[in-house]
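# Structure assessment
This is what each chain is made of:
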2 protein chains.
Amino acid sequence: MRNSPFMPEFKHAYSPFKNHQHSQCIHHALCSAEKLCKENGFRLTNVRKRVLELIWESHQALGAYAILEQLGQEGVKPAPPTVYRALDFLLDAGLVHRINSLNAYIGCNHPKDHHHGSYFLICQHCRIVAEIHDQAIDEEISALAKREAFIVCERALEISGICQRCQENGHAG
Amino acid sequence: MRNSPFMPEFKHAYSPFKNHQHSQCIHHALCSAEKLCKENGFRLTNVRKRVLELIWESHQALGAYAILEQLGQEGVKPAPPTVYRALDFLLDAGLVHRINSLNAYIGCNHPKDHHHGSYFLICQHCRIVAEIHDQAIDEEISALAKREAFIVCERALEISGICQRCQENGHAG
DNA sequence: ATTGTAATGTTATAATATAACACTTTATAA
DNA sequence: TTATAAAGTGTTATATTATAACATTACAAT
Ligand SMILES: [Zn+2]
Ligand SMILES: [Zn+2]
Ligand SMILES: [Zn+2]
Ligand SMILES: [Zn+2]
């Protein structure tokens, strides 16, 4: 599916640092979110869906209070708990990730198979966050945990630096 | 030095999950901090040293306001900026690390060679944090970054789970 | 002693997140 | 269909983490 010839637009959907059809990308994200919720009996209510849309509007991590501002500009501005509850739902459903080093949230590009960790490349200049899946790192982490007799529940790898596009635009390190 | 027969107590100083002579461990940490500061012309003032000592009193990550409380119990309680400035100094000097997923701080067990990343095993039960150095993970991260043409500035890998001792005490996941 | 710099004290406030309780909507099932 | 329970949302207040701004003090180097 991911590499299906019927969906060539999504070829780079998982590499936001490269050019991609973002309207397609966000549409795809929202559709698969709806699908996932329907399949699992999760209720993707209006607030939750709107928060997810706002998060997907760019590939930059979005803070809870930025989301609040956005919601405020399209009607009545809700109180913080509204946004945090929506975020909690989306996190639980695996539809968004929290970037701890930024106190901010990013859409998940694989809202299904959370078998192992996902890792993040964070551009310090343009603030775009790319979610990466890397089996080699998965395995090294597992090996490390095994050596230490440590049972792994969560992995959070946040790699900060400069993305290719920003390097090309002269923002190298 | 690290494996010197004259200091067998430090054999496990870098694995707080295993039993170790913690009085030796903390003493060693403070001594090498003093040494590092002297060598580099950093000023390890009273506040800074006391904050570092408090952080090293356990291998659990300590929050800034917990540090404030402790300082308050041994004299006049300072205001937050005092602690945050001490923490900034210690972070810059490489003497402590910030654990993003906990908003808390932990002593660095190798305050010198920050050539590559350090990674953290965080026990969700006892809250002890172990700093790990793993060349294989370093290399996989470098390989990943190279594939994505990403210039790495900082790496933060925080692995949460259950440590061996807590497993043995029946707190397994 | 003088002077510039680094460190600390102090007050106020920003930014992020949650507790507690009332109310409304939705689902379920007599 | 209406009663009922559960889930979701609104609202107010507050907790937690962190920083801005400016005054004062300690220190180092002339
Ligand atoms: Zn996109
Ligand atoms: Zn960039
Ligand atoms: Zn110790
Ligand atoms: Zn433990």
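Before reading on, note that the structure itself is shown above.
Everything numeric here is computed off the predicted structure, so don't read it as measured data. (Residues numbered from 1 in each chain as written. Chains lettered and ligands numbered in written order. Predicted model: local features only at pLDDT ≥ 70, side-chain atom pairs only at ≥ 80, totals over all residues. Heavy atoms only, no water.)

In this section: the coordination of the zinc ion (ligand 4). Tetrahedral coordination by four donors sets the ideal angle at the metal to 109.5 degrees; octahedral coordination by six donors sets it to 90 or 180 degrees. All names here are of chain B. Here the zinc ion (ligand 4) is held by Cys-123 (SG), Cys-126 (SG), Cys-163 (SG) and Cys-166 (SG), and the distances to it run 2.2 to 2.4 Å. Viewed at the metal, the four donor atoms of the zinc ion (ligand 4) are separated by angles of 104 to 114 degrees, and the geometry they form is tetrahedral. Taken in sequence order, the residues that donate to the zinc ion (ligand 4) follow the motif C-x2-C-x36-C-x2-C. On the criterion of sequence distance, the pair formed by Cys-126 in the loop between β3 (119-123) and β4 (129-132) and Cys-163 in the loop between β5 (151-162) and α6 (164-168) is long-range, its members being 37 residues apart. (Donors = N, O, S within 2.8 Å, 3.2 Å for Na, K, Ca; no water. Tetrahedral: all angles 85-135°; square planar, octahedral: opposite > 155°, others 65-115°. Helix = DSSP H or I, 4+ residues; strand = E, 2+ residues; numbered from the N terminus.)

Each partner contributes to the interface: chain A provides 36 residues, whereas chain B provides 36 residues. Regarding the contact of chain A and chain B, the summed buried area is about 3100 Å², with carbon and sulfur atoms giving 64% of it. Joining chain A to chain B, the criterion identifies two salt bridges. The salt bridge partner of Asp-134 of chain B is Arg-147 of chain A, with a shortest N-O separation of 2.7 Å. In this assembly, chain A and chain B are joined by 12 residue pairs in polar contact (both at pLDDT 80 or more). Sorting the residues of the side of chain A that touches chain B by element identifies β3 (119-123), α5 (135-147), β5 (151-162) and α6 (164-168) of chain A as the ones contributing at least two each. No other element matches β5 of chain A, which puts 12 residues into the side of chain A that touches chain B. Class assignment for the residues of the side of chain A that touches chain B results in 20 nonpolar, eight polar and eight charged. Judged from the 11 bridges that link them, β5 of chain A and β5 of chain B form a sheet pairing that is antiparallel. Pairing of Glu-158 of chain A across the sheet is with Ala-156 of chain B, part of β5 of chain B. (Contact = heavy atoms within 4.5 Å. Buried area = accessible area lost by both parts, 1.4 Å probe. Salt bridge = Lys/Arg side-chain N within 4 Å of Asp/Glu carboxyl O. Polar contact = N/O pair within 3.5 Å; in protein donor to acceptor, adjacent residues only side chain to side chain. Nonpolar A, V, L, I, M, F, W, Y, C, P; charged D, E, K, R; others polar. Pairing = 2+ DSSP bridges.)

Inspection of the region around DNA strand D gives 17 residues, with Thr-45 and Arg-85 of chain A together with Tyr-65, Tyr-84 and Arg-98 of chain B positioned closest. Each atom of DNA strand D within 4 Å of the protein was assigned to sugar, phosphate or base; sugar and phosphate come to 46%. Within the side chain of Tyr-65 of chain B, an N or O atom sits 2.6 Å from a base nitrogen of DNA strand D. Separating a phosphate oxygen of DNA strand D from a side-chain N or O atom of Tyr-84 of chain B is a distance of 3.0 Å. At the level of elements, α2 (46-56) and α4 (80-92) of chain A together with α4 (80-92) of chain B are the ones that each hand at least two residues to the surface near DNA strand D. With four residues, the top contributor of residues to the surface near DNA strand D is α4 of chain B. For the surface near DNA strand D, the per-class residue count stands at eight nonpolar, three polar and six charged. (Near = heavy atom within 4 Å.)

All names here are of chain A. Within the protein, the atoms that donate to the zinc ion (ligand 2) are Cys-123 (SG), Cys-126 (SG), Cys-163 (SG) and Cys-166 (SG), at distances of 2.2 to 2.4 Å. Coordination geometry of the zinc ion (ligand 2): the four donor atoms subtend angles of 104 to 114 degrees at the metal centre, consistent with an arrangement described as tetrahedral. Look at where the donors of the zinc ion (ligand 2) fall in the sequence and you get C-x2-C-x36-C-x2-C.

Nothing here speaks to function; it is geometry throughout.
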